Protein chains: 2
Amino acid sequence: MISLANKKNLKPEDFPPEIEGLRMTRQRREVLAVILRDRDHPTANDVFLRAQKRMPTISLATVYNCLEALVTHNIVRQVNLERESSRYCPNLSDHCHFQDEKSGKIHDVVFKEGVKLEDILELPKGTEVSHLEISLKGIFGK
Amino acid sequence: MISLANKKNLKPEDFPPEIEGLRMTRQRREVLAVILRDRDHPTANDVFLRAQKRMPTISLATVYNCLEALVTHNIVRQVNLERESSRYCPNLSDHCHFQDEKSGKIHDVVFKEGVKLEDILELPKGTEVSHLEISLKGIFGK
DNA sequence: CGGAAATTTGGAATTATTCTAATTCGTAAT
DNA sequence: ATTACGAATTAGAATAATTCCAAATTTCCG
Ligand SMILES: [Mn+2]
Ligand SMILES: [Mn+2]
Ligand SMILES: [Zn+2]
Ligand SMILES: [Zn+2]
C-alpha cells in the first residue's frame, strides 16, 4: 500500500504515472488530489465541484469513474453512513467514522492500542472477513 | 423495549393495539408480522411482496410508511450494508451484521461477553454515541 | 504516423426512496 | 347510528444518487 495518506500539499502533477497498478490519468490525478487536500470525506458531487475549479471540463461521470477506480485499487476508501451518499477518505489505516450530529463533520476514529475487532465478535470458526465498516453518530467531544 | 424478538409464530391480530406508543394499524401489524416471521433481514420490497400475500391491497408506499414508523419507535431496526437497499431486523439486542458473500445471507453477530464497542475506540472525552452500526462481509463459517 | 485499447464525456436510464394530494379509516362525540 | 376529524393509506409522480451507454478523445505501441 502506497503512502499517500501523509502527503498533504500534493499537486496532481506530482503523482507517479501509476499507483497500485492504476494508470494515473489527468482526471484521476485531479480527483485524488482533491481527496488528499481537504480530508473532510467529500461526496462524489463535492469532489466534482472541487475538481472543476482546476479542471473545468471534467464531468461528473468521470468523477464517478475515477472514484470507482481509486477505490478498487485501494487508493482511497469509500465510506457509507446510513443512507447518505457515499463519501471518500484517503486514510487507508484501520479506522472508523463518527458523524457529529451538530456540525455534520465526519471524524476518523481509531481503535485503542492492540484491539482487533474480530477479537471482540462472536464469529464462527472459519469466518473470513473481507470487508468491515463501523460508523457512529452522536456528539463528538472536544 | 417490548419483547417481540422472541415471539416466533405471531399472527398480526395478536399484537396489542399499541406498541411503544405506536398505534398498531392493520398494515403495521402485517408488516411487523412479516419481519418477525422469517428473520432474514428483508428489504422494503421483500416485505411488500410478503405482506401482499395476506393483504393484497397493501401498497409499497404504506410498507415504507410502516417501516419508518416501526423504526422510529424502536420496534424494528433498519440495517444498511454498503449501498444496498435498507433491510429490516426484529432483533433489538446489541448486534451487528455479517453478509456472507457466497449465499448473500445476512447473519446476526453478537459481541463477546462483556465487550462494549465504546471501550475499544479512541473517542474524545464527552463523546455521546447515539447511533452505531457495524457491518461485515466475507465468508461466514460453519 | 496508424490502429487498438483505455478513458472521458454528456445524456439517458435506473432504482430506492420520498413526496403529494386524494381517499379511507378509526375513534369518539353527538 | 351518524357525524366529524385527525391519522393512516394509497396510487402515482417526483427526487436524487448512481450506473449505463454510445460516441468522441486520449494514450500507448509498434
Ligand atoms: Mn465535534
Ligand atoms: Mn454461511
Ligand atoms: Zn476516514
Ligand atoms: Zn439483525
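Residues numbered from 1 in each chain as written. Chains lettered and ligands numbered in written order. Predicted model: local features only at pLDDT ≥ 70, side-chain atom pairs only at ≥ 80, totals over all residues. Heavy atoms only, no water.

**Considering the sheet that holds strand β5 (residues 96–100) of chain B**
Now for step 1: Taken together, six strands build an open sheet; the order of strands is β6(A)-β5(A)-β7(A)-β7(B)-β5(B)-β6(B) and the sheet is mixed. Where the open sheet ends on each side, the last strands, each with one partner, are β6 (106–109) of chain A together with β6 (106–109) of chain B. If you compare each strand with its neighbour and ignore which way they point, the axes differ by 25° on average. (Pairing = 2+ DSSP bridges. Helix = DSSP H or I, 4+ residues; strand = E, 2+ residues; numbered from the N terminus. Axes fitted to C-alpha atoms, helices over the stretch in contact; angles between N-to-C directions.)

**Some thoughts on the protein's contact with DNA strand D**
Now for step 1: Close to DNA strand D lie 15 residues, the nearest being A:Y64, A:S86, B:T25, B:S59 and B:T62.
Now for step 2: Those atoms of DNA strand D that come within 4 Å of the protein belong to sugar or phosphate at a rate of 81%.
Now for step 3: A:S86 places a main-chain nitrogen or oxygen 3.0 Å from a phosphate oxygen of DNA strand D.
Now for step 4: Interatomic distance of 3.1 Å between a backbone N/O atom of B:T57 and a phosphate oxygen of DNA strand D.
Now for step 5: When residues of the surface near DNA strand D are traced back to their parent elements, those giving at least two are α1 (26–37) and α3 (60–72) of chain B.
Now for step 6: At three residues, α3(B) tops the list of elements feeding residues into the surface near DNA strand D.
Now for step 7: Its residues assigned to classes, the surface near DNA strand D shows three nonpolar, eight polar and four charged. (Near = heavy atom within 4 Å. Polar contact = N/O pair within 3.5 Å; in protein donor to acceptor, adjacent residues only side chain to side chain. Nonpolar A, V, L, I, M, F, W, Y, C, P; charged D, E, K, R; others polar.)

**Here's the deal with the interface of chain B and chain A**
Where the parts come together, the accessible area they lose is often given as the size of the interface.
Now for step 1: Listed per partner, the contact involves 40 residues of chain B and 40 residues of chain A.
Now for step 2: Taking both sides of the interface into account, the surface hidden between chain B and chain A amounts to around 3,400 Å²; carbon and sulfur atoms contribute 57%.
Now for step 3: In this assembly, chain B and chain A are joined by zero salt bridges.
Now for step 4: Looking at the side of chain B that touches chain A, the element that brings in the most residues is strand β7 (residues 128–139) of chain B, giving 12 residues.
Now for step 5: Here the residues of the side of chain B that touches chain A are counted per class, giving 17 nonpolar, 11 polar and 12 charged.
Now for step 6: As judged from the 11 bridges shared by strand β7 (residues 128–139) of chain A and β7(B), these two strands associate in the antiparallel manner. Residue pairing in the sheet places A:G138 in a bridge with B:V129 of β7(B). (Contact = heavy atoms within 4.5 Å. Buried area = accessible area lost by both parts, 1.4 Å probe. Salt bridge = Lys/Arg side-chain N within 4 Å of Asp/Glu carboxyl O.)

**So, the relation of the copies chain B and chain A**
What connects the two chain copies is a rotation about an axis and a shift along it.
Now for step 1: Each copy of the sequence occupies a distinct position, and chain B is placed on chain A by a rotation of 180° and an axial shift of 0.0 Å, giving an RMSD of 0.0 Å. Overall, the copies show the geometry of a two-fold rotation axis. Taking C-alpha positions as reference, the residue of chain B nearest the rotation axis is B:I134, located at 2.2 Å.
Now for step 2: When the interface residues of chain B are mapped onto chain A, 100% of them are again interface residues, pointing to one common binding face. (Least-squares fit on C-alpha atoms with pLDDT ≥ 70 in both.)

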